[in-house]
Amino acid sequence: MSAEPVDGRLMVEALGIHKSFGAVHVLKGVDFRVAPGEVTCLLGPSGSGKSTLLRCLNHLERVDAGTVRIAGDLVGYRTKGDKVYELPEHEVARQRRGIGMVFQRFNLFPHMTVLQNVTEAPTRVLGRPRAAAREQAMDLLARVGLAEKAGAYPVQLSGGQQQRVAIARALAMEPKLMLFDEPTSALDPELVGEVLDVMRGLAADGMTMIVVTHEIGFAREVCDTVVFMDAGVVVEEGTPAQVLSDPQHQRTRSFLSKVL
Amino acid sequence: MTAPPTPAAAAGAPARAPKAVPVRHYGQWVAAAVCFVLLALLVRAVATNDAIQWDAIRSRIFFAAILDGLVTTIWLTVASMVLGVLGGVLVAVMRLSDNLLLRTLSGGFLWLFRGTPVLVQILLWFNLALFFPQLGLGSFSVSTNDVITPFTAALLALTLNEAAYMSEIVRGGILAVDPGQREAAEALGMTRGLTLRRIVLPQAMRVIIPPTGNELVTLLKTTSLVAVIGAGDLLTQAQQVGATDFTRLEMLIVASVWYLVLTTIASYGQMLLERRFLRGSGHAGRPSALRRIATDLRPGRNRAAGAVPPAVPPAVPSSEERGAR
């Protein structure tokens, strides 16, 4: 447990995060904060721990040390007195409802239509009536520009369309926080724009977003904060102007010189 | 070849094939002729064998006792298959659980029931009363011999054995589903149970169905083992009839004919199921031998290879149409 005070006004407060996979120490004491409504981009070379950090936020990975709080709630654990207890699986599932996640490889459910992909969790997890879930799903699909694809199966869609459905699927749970794990890395270059457009719209609507990305242009234009990670630690963070245009650290400079 | 064959050409349809004389497989025709002659000799040897009373076979194939046995065999197969699949799913999920107790229990189950011959298991269940004359908990107790009839002993043995084998098939199917699917479901707040039911198992079916059809055919034949405890199945009945009027061999042929009928039906059902579940996954079936010969002998086949292309493409059904027949 960290001794630092808990700031209830933050959407995300991750303190002292350590995570290893076997002998590989991926996260080495990461502190990370995101205010409500803020769009944060995580940049860094492959293997720097960006995706792992993101996956720790919704407990897809269990942290080895440190704490993650989302909107003030400890993720994956509860405290009683001085003791920390692990939460049972269904409690973790409950916490994840409020955290949407979009994956690099879309991970749409291939055996369901686009509409079923979007309505599955609201009906089964939240118990929303089918008609209401359907109506909401159609609104969301219209918002990502895919209302006419409601009856299609994922395999019939392009990568960009699949990723937009995946965003609609996550939004259907009405999350307070959206995590994007390299959402455009698996896309053909000409399809990247349509996905970034949807994300831009979300940011404009005030959604709190954390985006692991290699799209420096997107980071510069949309993000409020850029966090640069390397070798499992946060090297520097600040506004896009600070980090991208005037990096203070040699590692940031050398990374940016390669990707720009 | 200057151009790769089109899918249509690969399937034997000449419509858009390049102008080339197809490779002639003379060796195949010679081999086919040799096989045909040998097969004909074998059929003649069996058909003209004086030791086999063909009249007896013809007259006994629809005996009431045989049809009774047939019903018992079907019932035993279906019941132990359904229970075996359900048990197999349960054991597979236990094997993949995080819970050490469940993993150990299911591993032990598999070790025991897959590791002993099903014939021995049938005999053990049938003789259960030798170790446990009474079955029950506390004050509730029944005589083992009342519960364990030959049929229930057979059903128990076959079901448990089938559950052990099915669990490995189901486990393979579950493991074949992309882990990203589970993560996506859990990120949406679905519990593990819900994820398994709604996301993982439906996708695992594609991998589970083909070997399950195979299991059904195997199980159908394995039921004949219960003849050792006289469970009233097809083989039991056939042997009983054969023992009474000295038509032992004939009755074995009668039983074989019925087993062939059943396995043929089961194989056909498996093919239909597979076609349904593998649809769109790029595993197109190959045409059967008869179908290929029919296509090869179709007039006009070689015209596509000749100098003058046909004005109208020959009416060869597309692979989809052929599959639907």
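Residues numbered from 1 in each chain as written. Chains lettered and ligands numbered in written order. Predicted model: local features only at pLDDT ≥ 70, side-chain atom pairs only at ≥ 80, totals over all residues. Heavy atoms only, no water.

A. Looking closely at helix α12 (residues 234–244) of chain B. Residue and element names in this part refer to chain B. Taken as a whole, α12 has its buried residues at L234, L235, T236, Q237, A238, V241 and G242. In this structure, the buried side of α12 is in contact with α3 (54–60), α4 (64–95) and α13 (248–277). Phi turns positive one or two residues past the end of α12, at F246, with a value near 55 degrees. (Buried < 20%, exposed > 50% of the residue type's maximum accessible area, 1.4 Å probe, protein only. Helix = DSSP H or I, 4+ residues; strand = E, 2+ residues; numbered from the N terminus. Contact = heavy atoms within 4.5 Å.)

B. Representation of the state of the cysteines. All names here are of chain A. Counted according to the given criterion, the structure contains 1 disulfide over all chains. The disulfide bridge from C41 ends at C223, spanning 2.0 Å between sulfur atoms. Taken as a pair, C41 in strand β3 (residues 39–43) and C223 in the loop between α7 (216–222) and β11 (225–230) lie far apart in primary sequence, 182 residues in all. The residues C41 and C223 share a single accessibility class, namely buried. No disulfide involves C56; its sulfur sits 19 Å from that of C41, the nearest cysteine. (Disulfide = S-S within 2.5 Å.)

C. Region of the structure containing the interface of chain B and chain A. In this assembly, 18 residues from chain B lie in contact with 24 residues from chain A. For the pair chain B and chain A, the two sides together bury roughly 1800 Å², of which 60% comes from carbon and sulfur. At the junction of chain B and chain A, the tally comes to 3 salt bridges. Of the charged contacts in the structure, one is a salt bridge between E120 of chain A and R198 of chain B, with a shortest N-O distance of 2.7 Å. Going through the elements one at a time, α10 (179–187) and α11 (192–222) of chain B are the ones with two or more residues in the side of chain B that touches chain A. Sort the elements by how many residues they give to the side of chain B that touches chain A and α10 of chain B lands first, with 7 residues. (Buried area = accessible area lost by both parts, 1.4 Å probe. Salt bridge = Lys/Arg side-chain N within 4 Å of Asp/Glu carboxyl O.)

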